[in-house]
Structure formats: C-alpha cells, structure tokens
Amino acid sequence: MDAGKREGTFKPNLRQEGCEREKKDERGGLGEMKAAAKSKTPRKPGQKNGSSNNLKDPVGVYCRLRPLSVPDQECCVKVINTTTVQVHPPDGYRIFRNGEYKEVQYSFKEVFNVGGTQKHVFDVVAKPLVDDLIHGKNGLLFTYGVTGSGKTYTMTGSPGDGGLLPRCLDMIFNSIGSLQAKRYVFKLDDKNGVEVQCDVDALLERQKREAFQTPKAPSSKRQIDPEIADMINVQNNCKAEEVDEDNVYSVFVSYIEIYNNYIYDLLEEGPFDPIKPKLPQSKILREDQNHNMYVAGCTEVEVKSTEEAFEVFWRGQKKRRIANTQLNRESSRSHSVFLIKLAQAPLDASGDNVLQDRELITFSQLSLVDLAGSERTNRTKAEGNRLREAGNINQSLMTLRTCIEALRENQTYGTNKMVPYRDSKLTHLFKNYFDGEGKVRMIVCVNPKAEDYDESLQVLRFAELTQEVEVARPAEKPVCGLIPGRRFKNQAFREELSRQLEIRGGPIDGDRERSITEVLLQNFPPMSSCELLDIHDDQTLPRLIEVLEKRHRIRQMLSEEFTKNVHSVKGMLQELDSSIVSKENYAQLKMAERDKFIAAQKTEIERLEKKAKTLEYKIEILEKTTTIYEEEKRNLQQELESKSQKLQRQVSDKRRLEARLQGMVTETTMKWEKECERRVAAKQLEMQNKLWVKDEKLKQLKAIVTEPKGSKPERPSREKDREKPLQRSLSPPPVPNAPPVRIRHRRSRSAGERWVDHKPPSNVQTETVMQPHVPHSITVAAANEKALAKCDKYMLTHQELASDGEIETKLIKGDVYKTRGGGQAVQFTEIETLKQESPTGRKRRSSPSSRSPAEEGTESEWTDVETRCSVAVEMKAGSHLGPGYQHHAQPKRRKP
C-alpha cells in the first residue's frame, strides 16, 4: 500500500522535477550569460522596421522568359543582354495601328533567357532569401505575369526538375539537419508567437500526438509519393553559410490560398460527409503584438525533412482551385501562399538544454507566393464563375499596382499619401514586408508569343516601376552572451571520456570500494583449522567452538544493530510518506485553484474572442462604408476637376473673345477714322474746285466790265497760273466711273508643292490690298497629323499688334519631314511679315494755301499720297524684292 502510494506520488513529480531541473539549468545558463556579458557587451537589438539605420534596398525584380510552345511562332520579346529585354509589336499589330513601329526596352536586375535552368534561377533569386531566413530575417518572393507565362512552373517545377520551393526546403534542411530540436520543443501559439517547452512537456506532447495520429498526418518514415519523388530529388546539397551551431531549430509550414478575396486554409482537415459536404471556412487576418499580419486559425505543421515538408505542400496543392480556360489548360484561379517559418533558440552553457527565455527566440518567415495570372476576358471567353474569378484576380493585382505606385510616389516626391493595403487581402497580408520587415523579390514571367503583346507590355512596365520602391533593411537579431561552440565542446568531452573508459576497461581494483559484506567478513575472527588428525586431539574442537561462539556473538550484535537501523529507516520512510501525502494534497489544492483560474481565463478568452469577432464585423462594415465614401469622394473629385476644367475653358474662351472683340473694335475704329479723313479731304478738294471756278468767272466778268468798248474781248492769260499750279489736297477727288482696283493675291514660290495653311480661328480678317494666298493648300484651324502626312510644306499665319497699334501679320514657313518613328516634324525656314500702316502718320500737304518762296524750296521734302500711289510696284515670284507679292495701283489722275 505504501509502495503504491509512493509510485502514485512520484509519477507526477517526474515532470515537475524535470521542469525544475531544466529551469535551474536555464538559470545557471542565464547566470553564465550575464557573467559573460560583463566581459563583452553584446550588440543592442535593432528597433522595429529598421528605424535604427536608414539603409534601404530596392525591390529586386527579375525577368524570366518562357520558351515558345511552337518553334515557328511569332515572338515579340527579345533579350538584349543579361539585364535588358526589348519588346516590339507584332506585324499584325503594326498594320492595325497605321504602320506605327515602336520598340520599348525594359531593364531589370537580371534577365533569365529561354535556356535558363531552375538551379540558376534559384542560386540568383531564392538562395539569398533562404540564407537570410536561417540568420533570422524575413523574405518575400512572388512570381508575377499573365496567364500561361510559367509562374507555377518556376515556383513548383516539374518531375525531374524541381522549382524554387523544393530547392528552398532542401537548402533549409541541409543546413540545419543535425541541429534540429525534437518535435514539440517549440510550440506555436494562436497569436503568431512561439515558446520553448521543457523536455518532459515535449515528450508528453509527442506521446499524445502519436496516440491520436491520423493516417494523413505527415511522417518522415512513410514512403514518399512517387508523384513528387522526382521533384524533391534535387541533389545539390546546397547549404547556408555560417549557421549558428549553438542554436536548435524547428521548421513549420503552412499553405493558404486567396480566392475571390477570401483566405482559405489548404491544410485544414475536416470531417468528410459525402451526402452534405461542408464548405471550407474562410480565415481572417489579424495583427500581433509586433504589428505583423498573420492568418488566424491557420494550420501550421512542424516538419523535419524535405520530403515531409513537400508532402504537406503537395497535399494542399491538390486542393488549390484551378480551371481550364482558352489560354491555359490548368489556369490558377487563386493566389497561393506557402509560408515557411523557422524558430531557433540558443542552448544553455552546458550545451544540452534549450533556453526558455522568449526574448532569445528568433522567429523568421519566408513567404513563397504564386500569383494568379492577369487575363482579359475577351481572350479567355470566361463566363459565370470564371468571369467572377478573373475580375477578382485582376482587382487584387490592380490593388498591388496601386500600392506599389503609392509607395514609389511617397519615396520619390516626399509625400505622405495613404497606401491602400486594406483594399485587398493579398496586399494587407504582406504590408509588413514593404514597411521594412524583410527583403522583397519578384520574378516576372513573360510569354514572348505575339498574342500576349499587350498584356506583357503592361506587366513589364509595372515590374520596371516596382524596382524604384525601396524597402528598409531588417534589424539584426540580438546576440547571445554565452560562449560560442559550447555544443560540440561538451560533446567532444563526453566522447573522449567514454573512449578513455573503454581503453582502460573500467575502474581499477585498487580504487574499487569494498562492499559491506566484505567488511563484515573481515571483522569476524579467522577460522582455525578443523582437520582432526588424532583421536586424542582435545585442542582443535575447543578452539573451533570458541571461534564459533565469538562469531555468534558478533552476529547477534550485528542483527540487533540491523534491527535498530530497520526501525529507524522505517520511521523515516513513514515520515517521508506522510510528508509526500501532505505535499500531494497541497499540490492537488493548488491544481484545483489553477484549474479554476484556467477555467476563468478560458471564459475570459471566449468573451474576448466574441468581442473580437464583433469588432472585426464592425471593422468590415466600416471598411465597406469607407470604401463607399472613398468612391463617392473620387467621383466628386473627378466631377470637380471636370467642372474646373470646363470653367477654365470658358474663362479662356471669354478672354479670347474679349481679345478678338478688342481687335475688331480697334480695326473698325481705324477704318472709320481713315474713311472720315478721306471724306473730309474729298470735301475740301471739292470746295476748292468750286472756289476756283467762281474765281475764274469773277475774273472773266471783271475783264468784260473793265474792257473798253469797241475792242475785241480777249481771253485772259493764265500763264501765271500755269507757272504756279494750284496746290493739291491730301488725296485725289473721287473720279466717277473709275475702274476698280484689281486685288491680286500673293502667290507662293513653291507653286507645285502641297501646303498646310494653318490659320487659327482667333485671327482677324484684314481688308488690305495684299493678301497671302497659297494654291493647292489644305486650310486647317489646328495642326493635325493627317494634314501634315499629305503635305510637304507648312505655313502658320500669326497676328499681333505692332508698336504703333497696327495689326502685323507674320507668315511662318517650314518644311515637313517624316520621323523615324512614323510621325511628322516641321522645320521652320523663313518668316514673312505683312504690316498695315496709316498714311496719317506721314508728312503731307493739308491745304492748298499759298506758299512762300522758302516753302517752295522745301517742296521736295514733303510726301504726297497721290505721288506715292501713282507708282505701281509688282513683285514676281522668285524675284529678289520679296517672296511673291503683286501690287497694282491706279495711276494718278491729273486735273485739266
């Protein structure tokens, strides 16, 4: 009964003693760590988001070309060098686009040609990310491109030629294979955290999992599926450099997909119901205490080998949604995300146990993302669910582009524009990487066939812009202050001790401790000889009896002493048993109190979870409301911009109309001023003529009156008048029935060429004698490409006000050339100026009054309008006087 009690009380204490022993070792290790820290100060752990330094790295973008499926198929993408590709439109596209031919080049960090192997792509792109993962840094790698461009092949690979994912797993386990911890030593919680369990808790967890292990659970001892055996047989033996051998490692993997902007767990195992199958439940995103995003309730499996990890991936891959479209027989209809999490913690000073301090645990993550391909529904002929899937895929990719462009704008121009991570689950999940929580790498997969020209052009343009986004470098992990190399030093010491013991064959006899039986036998008196040689021997038997009596007395003494010792030990055992029972009762009371506390905590957790779900529901409603308000805000902003543009156009039209009206008013005013001056001059000349006629009649009448009678009347002499001709007025009198002046237009020097006559609608029509005129011309109000393509000469009519207030017309001429890109360019060669001047600004005679002889001497200095207009000037095309003017004026009419 007592033995049973002792067994029952010692069994639970094994776990307690093991934990206490590990805690003591941990405290001892921490004490040594503190002592070592006094001698050498460890590096200070970096702050979040790499704020301790300002070093940033651009997003690494790589381009990979897929081989053409048909050898004679037309190709629109060409590799120029290891960093540049050139995209040119196919022949049919150029014909459809009016013969335009435009080649565009895009540069990336490295370009993998059609012959590039999976190993080369892994060594350049993924190997540095795996090396950072083992050294405690995060990484994000995703493939991007149109449907059928080779994204899934790049990520997963094919039988006999594994992709990036199996090669990453192989490198991880090649590097940490002998340094892995036992299963369940690292335990993940539900809040994206990890903790270290003691060996006893880990052993109980293993026994519990093995007892309830499902047949589909991964196991490294199971036979590998032949379907995936060739994909994981990489045989590269690639390892990371400078792996910390004083740490223990554990790898956890999870596999999710984002379908129609909902997150689903591909590793979740549910009860199978063939009658009414249960639809998979979508997961939600949450933020941990370090502000990192994670998928709540996602299945995370601890794996110990490459085969086991890839078997977990393949199990989830079979659940991924794929469909047959016009462009791809197995088109991915969702974004898949394979998460590899690596937990590592240092060993204690003895190199045997793991330190359980959570601050010393490093938890890094590598995300391998296979994005669904962007596609056009008019090419895929998608309908129903396929159409809805394509819309959600394109929407999530558009959100990714919007976030990248917002980050680029904020970093380039120093703005603080909000990045819309929450518009899509894809960008919301990986927003921490762009905020400085790890490196980001992107592989752009391109199908060079001509049918994908438009889609490939958009993909390459976005990928080139992505390189301009810079991501802050992650902070370095804290350095443990323990002595490096402690694991293998202790192992070498134990191996050397075992080897020496094997060489020596065990402990030496001289050094061996004697047993209690040997000590007791040595204390007994020695036995005398018992051999009787004579019948009369009376000494041997008495000596033998004496020796036996002594031995009997010693035996009784030892028996009494042993009995006393047995009673004392029995009392001690009873006291120990009672103390153990009391301790057990105390432990049961404590366990009951702990159970009550745990139950209360569970109730509180359930209440908080319900509250969290309610808040998440409210957050979703607020997000939807925010989306609606943002959409309305964008619409209102667009409407405001359109109205502002319309208002600006109206203001500019009003200004142009005002300028035009002002010009017309000025022109009309000048015209009427000239007309009034002409009429006044004509009236003055008419009155002077009438006055002259009256003077002549008076002279004749006077001559008749004063003439003596009988004499023949003679005509008065007018020689004097002929010597002094009457002064002319400003302009000739109006001549009745005078032939009208024939307006002759300007003739171009290039009569046999085609001209573009560009006359803006704001020009004012001048009623001058000389007018520009170009035959065989195309008159346009605004220059356009169609008119320039048909002509080889160009003339722009430009009007402006001169310094004297007159309208000055300039004819700007040029030659039309065709550019290499298929457009037209104009090279200006000469400028002709047409200027209108008012004759009121010149010196002229204003009245026919009498002049003095001094004034007659200066007559040549005066300029007469009639004298100027009596000369006809004609400028033929090709003459030295000017480019094609013709001017005819009526000759001066002399008075009788």
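As the structure is a computational prediction, the values presented were derived from the model and not from experiment. (Residues numbered from 1 in each chain as written. Predicted model: local features only at pLDDT ≥ 70, side-chain atom pairs only at ≥ 80, totals over all residues. Heavy atoms only, no water.)

(A) Broad picture of the overall build of the protein. Each helix and strand counted, the protein has 20 helices and 27 strands in total. Within the protein, the proportion of its 896 residues that are buried is 35%. Considering only contacts in the protein between residues 6 or more positions apart, those separated by 24 or more positions represent 70%. Roughly 57600 Å² of accessible area belongs to the protein as shown, and the carbon and sulfur atoms make up 53% of that amount. (Helix = DSSP H or I, 4+ residues; strand = E, 2+ residues; numbered from the N terminus. Buried < 20%, exposed > 50% of the residue type's maximum accessible area, 1.4 Å probe, protein only. Contact = heavy atoms within 4.5 Å. Areas by Shrake-Rupley, 256 points an atom, 1.4 Å probe, with all protein chains shown as cover.)

(B) Representation of the pairing of strand 2 (residues 60–65). Of all six residues in strand 2, six are buried; the element is thus mostly enclosed. Going residue by residue along strand 2, you find Gly60, Tyr62 and Arg64 tucked away on one face and Val61, Cys63 and Leu65 tucked away on the opposite face as well. Two strands pair when backbone bridges link them, and strand 2 and strand 21 (residues 439–446) are joined in this way by six bridges, in the parallel orientation. Within the sheet, the bridge partner assigned to Gly60 lies in strand 21 and is Arg441. (Pairing = 2+ DSSP bridges.)

(C) Spatial organisation of a nonpolar patch on the surface. A cluster of nonpolar side chains, namely Phe493, Leu497 and Leu501, defines an oily patch on the protein surface of about 330 Å² accessible area. By the secondary structure assignment, Leu497 is in helix 14 (residues 486–504). (Patch = residues over 30% accessible without salt bridge, like charges linked within 9 Å, V, L, I, M, F, W, Y side chains within 5 Å. Salt bridge = Lys/Arg side-chain N within 4 Å of Asp/Glu carboxyl O.)

(D) The arrangement of the pattern of salt bridges in detail. Throughout the structure, instances matching the rule amount to 29 salt bridges. Glu268 is paired through a salt bridge with Lys283; the nearest N and O atoms lie 3.4 Å apart. Of the two residues, Glu268 sits in the loop between strand 13 (262–265) and strand 14 (285–287) while Lys283 sits in the loop between strand 13 and strand 14, which places them 15 residues apart along the sequence. Owing to a relative accessible area of 32%, Glu268 belongs among the partly exposed residues under this scheme. Lys283 gets classed as buried once you look at its relative accessible area, which sits at 13%. Lys643 serves as the salt-bridge partner of Glu639, at 3.5 Å between the closest nitrogen and oxygen. Separated by four residues within a single helix, Glu639 and Lys643 lie in helix 16 (residues 540–706), roughly one turn from each other.

(E) Structural view of the pairing of strand 3 (residues 77–81). Examined bridge by bridge, strand 3 and strand 4 (residues 84–87) share four bridges and lie antiparallel to one another. Residue pairing across strands places Lys78 opposite Gln86, the latter belonging to strand 4. From the end of strand 3 to the start of strand 4, which pair antiparallel, there are two residues.

(F) A look at the sheet that holds strand 24 (residues 777–780). The strand order across the open sheet built from five strands is 24-23-25-26-27, with neighbouring strands paired in mixed fashion. The open sheet terminates on both sides in strands that have one partner only, identified here as strand 24 and strand 27 (824–835). Adjacent strand axes in the sheet meet at a mean angle of 25°, parallel and antiparallel pairs treated alike. Across nine bridges, the pairing between strand 25 (residues 793–801) and strand 26 (residues 807–818) is antiparallel. Residue pairing for strand 26: Tyr794 is matched across the bridge by Gly814. (Axes fitted to C-alpha atoms, helices over the stretch in contact; angles between N-to-C directions.)

(G) Quick peek at the sheet that holds strand 5 (residues 104–107). In spatial order, the strands read 3-4-5; together these three strands make up an open sheet with antiparallel pairing. Each edge of the sheet is formed by a strand with only one pairing partner; in this case those strands are strand 3 and strand 5. Here the strands of the sheet are splayed against their neighbours by 30° on average, with no regard to which way each runs. Those strands touched by helix 13 (residues 453–466) are strand 4 and strand 5, and its axis lies near 40° from that of strand 5.

(H) Spotlight on the confidence of the model for the protein. Per-chain confidence: the protein averages 77 in pLDDT, with 71% of residues scoring 70 or above. Across residues 507–513, confidence stays below pLDDT 50; counting only partners more than four residues off in sequence or on other chains, it has one contact. Low pLDDT (under 50) marks residues 711–751, which in the prediction has 78 contacts with non-local residues, meaning those over four places away or in another chain. (pLDDT = per-residue confidence, 0-100.)

(I) Highlighting the side chain of His758. In this fold, His758 is placed in strand 23 (residues 755–758). Among the polar contacts listed, one links the side chain of His758 to the backbone oxygen of Ala781, at a separation of 3.3 Å. Once residues lying within four places of it in the same chain are set aside, the contact partners of His758 are Val780, Ala781, Ala782, Ala783, Tyr794, Met795, Leu796 and Thr797. (Polar contact = N/O pair within 3.5 Å; in protein donor to acceptor, adjacent residues only side chain to side chain.)

(J) The arrangement of the packing of helix 5 (residues 164–176) against helix 8 (residues 306–317) in detail. Two elements in contact, helix 5 and helix 8, have axes whose closest approach is 9 Å; the angle formed by their N-to-C orientations is 150°. Taken together, helix 5 and helix 8 sit at an angle that is classed as roughly antiparallel. The two elements helix 5 and helix 8 meet at a crossing, and its hand is right-handed. Along its contact with helix 5, which presents Leu165, Pro166, Leu169, Asp170 and Phe173, the element helix 8 presents Thr306, Ala309, Phe310 and Phe313. (Parallel < 35°, antiparallel > 145°, perpendicular 65-115°, else oblique. Left-handed = near helix turned anticlockwise from the far one by under 90°.)

(K) Looking closely at the packing of aromatic side chains. Tallying each qualifying case throughout the model produces nine aromatic pairs. Consider the rings of Phe310 and Trp314, whose centres lie 6.2 Å apart with planes at 20°: the pair is stacked. With Phe310 and Trp314 both in helix 8 and four residues apart, the pair spans about one turn of that helix. Taking 6.0 Å as the distance between ring centres and 65° as the angle between the ring planes, the aromatic pair formed by Tyr794 and Phe828 counts as edge-to-face. You can see Tyr794 sitting in strand 25 and its partner Phe828 sitting in strand 27, a full 34 residues away along the chain. Accessibility expressed as a relative area gives 6% for Tyr794, which makes it buried. Of the residues examined, Phe828 reaches a relative accessible area of 49% and is grouped as partly exposed. Ring pairing ties together the aromatic residues Tyr255, Phe310, Phe313, Trp314 and Phe338, which thus form one cluster. (Phe/Tyr/Trp six-rings, centres within 6.5 Å; stacked < 30°, edge-to-face > 60°.)

(L) Expanded view of the nonpolar core. Of all hydrophobic cores here, the largest spans 53 residues; its most connected members are Val85, Phe108 and Leu460. Among the elements that line this core, the one with the most residues is helix 10 (residues 385–413), at seven residues. Ignoring anything within four residues of it in the chain, the contact list for Val85 reads Cys63, Leu65, Val77, Lys78, Val79, Ile80, Val104, Gln105, Tyr106, Phe108, Val111 and Leu460. With 46 residues, the next largest nonpolar core counts Tyr62, Ile176, Val243 and Leu368 among its residues. (Core = buried A, V, L, I, M, F, W, Y, C linked by side-chain atoms within 4.5 Å.)

(M) Quick look at the state of the cysteines. Applying the stated rule across the entire model yields zero disulfides. Cys63 carries a free sulfur, and the closest cysteine sulfur to it, the one in Cys445, is 8.2 Å from it. Residue Cys63 is classed as buried on the basis of its relative accessible area, which comes to 0%. (Disulfide = S-S within 2.5 Å.)

(N) The arrangement of the packing of helix 3 (residues 118–134) against helix 5 in detail. Closest axis-to-axis distance for the helix 3/helix 5 pair is 9 Å, and the angle between their directions is 45°. Classified by the interaxial angle, the pair formed by helix 3 and helix 5 is oblique. In the crossing of helix 3 with helix 5, the sense of the turn from one axis to the other is right-handed. Counting all contacts with helix 3, which are made through Gln118, Lys119, Val121, Phe122, Ala126, Lys127, Val130, Asp131, Leu133 and Ile134, the residues of helix 5 involved are Leu164, Arg167, Cys168, Met171, Ile172 and Ser175. When the residues that make up the contact of helix 3 with helix 5 are grouped by side-chain class, the tally is ten nonpolar, two polar and four charged. (Nonpolar A, V, L, I, M, F, W, Y, C, P; charged D, E, K, R; others polar.)

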